[in-house]
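A closer look at the structure
Listed here are the chains, written in short residue letters.
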Amino acid sequence: MLQRPHRRHRKGPRSRAISTARRLFGPIADAGATAYARSRYLPKLIALWPHELEDQTPEGCRRILAKLRSALRAERRRALSGHWSYDLNRHLGLLSAYKGELAGLSRIER
């Protein structure tokens, strides 16, 4: 059985493009994560009920993280396929919100 090499070890134009994107947009997402305010930014990115938005428990954070992960996956698929509805600003917003929620969850759990 032939095994495919792990993605991190692949060489080629796509791996260079991914590392370039991380280098360029990583700091932007990190800056967005530090300025992240759930009640302000999250309703614009994913559909949430008001009680989900106000839920500050670890379980509530995990549910929001799962929704953000799903939205990020869909946005990534749109980007890779070159779909007309892909929006870089939405993608960066989702990534910033994900990193902000992850930081919030680690603060709550400590």
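For the structure, check the block above.
These figures come from a predicted structure and were not determined experimentally. Along each chain, the written sequence defines residue order, and numbers are assigned to residues from 1. Per-residue local features of the predicted model are confined to residues with pLDDT of at least 70, and side-chain atom pairs are confined, for both listing and counting, to 80 or more; whole-chain, interface and lining totals are unaffected and use all residues. To get the side-chain values, take all heavy atoms of the structure and skip hydrogens and water.

Examining empty space enclosed by the protein
- A 1.4 Å probe that fits into a set of points on a 1 Å grid over the protein atoms alone but cannot get out defines a cavity; an open set with protein on both sides within 12 Å along at least five of seven lines defines a pocket, and lining residues are those with an atom within 4 Å of a point. Grid points are joined across faces, edges and corners, and a volume is the space filled by probe spheres set on the points. The tally for this structure, following the rule as stated, stands at one cavity of 30 Å³ or more.
- In this model, the largest cavity occupies a volume close to 50 Å³.
- The wall of the largest cavity is formed by Leu48, Glu52, Asp55, Gly60, Arg63, Ile64 and Lys67.
- By residue number, the principal contributor to the lining of the largest cavity is helix α4 (residues 58–81), which donates four residues.
- For the lining of the largest cavity, the residue count by class is two nonpolar, one polar and four charged. A helix here means a DSSP run of H or I that spans at least four residues, while a strand means a run of E at least two residues long, and both kinds are numbered starting from the N terminus. Amino acid classes used here: Ala, Val, Leu, Ile, Met, Phe, Trp, Tyr, Cys and Pro are nonpolar; Asp, Glu, Lys and Arg are charged; the rest, including Gly, are polar.

Considerations on the side chain of histidine 91
- Its location among the elements puts histidine 91 in helix α5 (residues 88–109).
- Relative accessibility under 20% of the residue-type maximum defines a buried residue, over 50% an exposed one, and the middle range a partly exposed one, all with a 1.4 Å probe and only protein chains included. Accessibility expressed as a relative area gives 15% for histidine 91, which makes it buried.
- In protein, a polar contact means a hydrogen-donor-capable atom and an acceptor-capable atom, both N or O and within 3.5 Å, with residues adjacent in sequence counting only if both atoms are side-chain atoms; elsewhere, any N or O pair within 3.5 Å suffices. Here the side chain of histidine 91 touches tyrosine 86 through a polar contact of 3.0 Å, side chain to side chain.
- Contacts are assigned to residue pairs that have any heavy atoms within 4.5 Å of one another. Every residue in contact with histidine 91, bar those within four places of it in the chain, is listed here: Leu72, Glu75, Arg76 and Tyr86.

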